[in-house]
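Each chain is listed here by its residues.
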Amino acid sequence: MGRPGGGCGADLWYGRRVPAPATSACSTCGRRAPRADLFGVEPDLLCEPCARAVRERMFVRYRPLVRTHGQTGTLTLLAIVLPLFVATHLARHGALGDGAWLRALEPWFPIWEGEVWRHVTSLFVHVGVLHVVFNAMALWTLGRAVEYAFGPVAMGLVFLATGVVGSIAQWAMVTAPGVGMSGAIFGLGGFLIPLRTSHPVAAAVMDRRMINMLLTWLVLCVVLTEVGTLRIANWAHGGGLLWGLVLGAAVAHRRRRGLVPLAGLLTAGLLAASPWIALGEQQAVRTWHLWYRERVEPLLARDAALVERARALEARHGDDAGQAREDPEYARVRAEIDRVRAEIEALERTGPPLPPPLRRIQGPP
Ligand SMILES: [Zn+2]
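The rules behind these values
- Here the residue numbers are simple positions, counted from 1 along each chain's written sequence.
- Two thresholds apply to this predicted model, a pLDDT of at least 70 for residue-level local features and 80 or more for giving and counting side-chain atom pairs, whereas whole-chain, interface and lining totals are computed over all residues.
- Think of it this way: any DSSP run of H or I at least four residues long counts as a helix, any run of E at least two long counts as a strand, and we number them from the N terminus.
- Backbone-placed C-beta atoms define the burial measure: a residue is buried with 20 or more other C-beta atoms within 10 Å of its own, exposed with 12 or fewer, and partly exposed in between.
- To get an axis, fit a line to the C-alpha atoms, keeping to the stretch in contact for a helix; angles then go from 0 to 180 degrees between the N-to-C directions.
- For this classification, under 35 degrees means roughly parallel, over 145 means roughly antiparallel, 65 to 115 means roughly perpendicular, and everything else is oblique.
- The handedness criterion is simple: a crossing whose near helix is rotated anticlockwise from the far helix by less than a right angle is left-handed, and one whose near helix is rotated clockwise is right-handed.
- Think of it this way: build a C-beta for each residue from its backbone, and any pair within 7 Å is a contact.
- Think of it as three bins: nonpolar holds Ala, Val, Leu, Ile, Met, Phe, Trp, Tyr, Cys and Pro, charged holds Asp, Glu, Lys and Arg, and polar takes everything else, Gly as well.
- For this analysis, nonpolar core means a set of buried Ala, Val, Leu, Ile, Met, Phe, Trp, Tyr and Cys residues linked through C-beta atoms within 7 Å.
- Either an automatic procedure or a domain database provided the assignment from which the domain bounds are taken.
- Take the residue count of a helix, subtract one, and multiply by 1.5 Å to get its expected span.
- Within a predicted model, pLDDT stands for the predictor's per-residue confidence, ranging from 0 to 100.

A.B. asks: Honestly, the overall build of the protein chain in this entry has me stumped. Any pointers?
C.D. replies: A count of helical and extended segments in the protein chain gives 15 helices and 2 strands. With 365 residues in all, the protein chain has 32% of them scored as buried.

See the structure below:
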């Protein structure tokens, strides 16, 4: 026996029970303390001074990296987000092709046709320097805090789950592509809030000051959007925060841990169901879009094909417009174009009216 830190409860030589050691070692400085006084989860238990040091380090921005333990996941996320922002910036200014690859990442009408993965890819797309800088700074603090306590995989899962739920909330309510990871940032923050009582690293990072900062930011974004200064995905903030609180509450108490896989299933279910989720003004847009897609778009494609056919016939007759008009094939094509266009006009008169949000933004890019 006598193994330092060994948790055996029986003495094999004498056959009598000896009290199991109630202390554990701090993973940073090695100091032993009662398990209840240590911060964090195994194997990253911390004594109080070390946990305080973690907290202080979290608040120091721009500090050079001193160790990679506890920040691999956060660095990985930043290594996706930051280069993608540069590529996005170039694409919006005409470099890097026509930007079709970028539109394929963003949430837009194709979600209603089943492209649910856009809720995931859009988390990594950012517009504007402030957008990406604020989010990266917040991720650096909150992502590392969650990662330090629960590891990079758990941090990544909380990031994805809360980001996706935030994106779905935004998409379900508002006809504007909500891009960026701010929903996931609020999710990571929300995740730490219920953990403050059971997890001292969370308590150290998510103190009153941090919670106030998070809530002030939430409210400020709503105000800035309402007065029209900025267009911010507030539903994504709210949805991410709420889902983070739910996940944190499930993890906070050992007895509720069984709820964690359930929360994961619910997230996946929401993602799968997202093509059918449309609330508020988005409901009218969805109805209109699906009708347009099914009824009008085939006619538009037919019209485009006929126009091309007419052009080809005109080109065959050269400059002689009179000769083209006498061609029976050409006359048939022109008549067909007129018929298709009349049909489109009739459909648009009798179909569902263009919803107000689409009248404002003039359809998808
Ligand atoms: Zn220590």
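A.B. asks: Help me out: how do you make sense of the packing of helix α12 (residues 281-316) against helix α14 (residues 328-350) in this one?
C.D. replies: Any two packed helices are characterised by the angle at which their axes cross and by the distance between the axes. The N-to-C vectors of α12 and α14 enclose an angle of 155°; their axes lie 9 Å apart at closest approach. In terms of orientation, α12 lies roughly antiparallel with respect to α14. Considering the relative orientation of α12 and α14, their crossing is left-handed. Between α12 and α14, the contacting residues are Arg295, Val296, Leu299, Leu300, Arg302, Asp303, Leu306, Val307, Arg309, Ala310 and Leu313 on the first element and Glu329, Tyr330, Val333, Arg334, Glu336, Ile337, Val340, Arg341, Glu343, Ile344 and Leu347 on the second. The residue inventory of the contact of α12 with α14, partitioned by class, reads 13 nonpolar, no polar and 9 charged.

A.B. asks: Would you explain the nonpolar core in this entry?
C.D. replies: The biggest cluster of nonpolar side chains holds 63 residues, and the ones touching the most others in it are Leu46, Val146, Val158, Ile168, Ile185, Leu188 and Leu192. Only α1 (48-59), α5 (129-150), α6 (152-173), α7 (182-195), α8 (200-205), α9 (208-226), α10 (234-252) and α11 (259-273) provide two or more residues apiece to this core. Broken down by element, this core gets its largest block of residues, 12 residues, from α6. Counting contributing residues per domain, this core is built from domain 1 (23-55) and domain 2 (68-276), each supplying no fewer than three.

A.B. asks: I'm lost on α9 in this one. Help?
C.D. replies: Each full turn of the α-helix corresponds to 3.6 residues, which orients residues three or four apart in the same direction. Here α9 spans 27 Å end to end across 19 residues, near enough to the 27 Å set by a 1.5 Å rise per residue. Looking one or two places after α9, you find Gly228, whose phi comes out positive at around 90°.

A.B. asks: So what exactly am I meant to see when it comes to the environment of Tyr330 here?
C.D. replies: Inspection of the secondary structure assignment puts Tyr330 in helix α14. C-alpha separation for the pair Tyr330 and Glu314, spaced 16 residues apart in sequence, amounts to 8.0 Å.

A.B. asks: Would you explain the confidence of the model for the protein chain in this entry?
C.D. replies: For any part of a model where pLDDT is low, the fine detail of the predicted coordinates should not be relied upon. Looking at the protein chain as a whole, its pLDDT mean stands at 81, while 81% of the residues score no less than 70. Per-element mean pLDDT across the protein chain ranges from 65 in helix α15 (residues 356-361) up to 93 in α7. Note on residues 1-14: pLDDT under 50 across the span, and 10 contacts to partners over four residues away in sequence or across chains. In the predicted structure, residues 60-68 sits below a pLDDT of 50 and forms 2 contacts with residues beyond four places in sequence or in another chain.

A.B. asks: For this particular structure, what's the right way to read the environment of Glu113?
C.D. replies: Mapped onto the elements of the fold, Glu113 is located in the loop between α3 (100-103) and α4 (118-121). Sequence-wise, Glu113 and Leu290 are 177 residues apart; in three dimensions their C-alpha atoms are separated by 8.5 Å.

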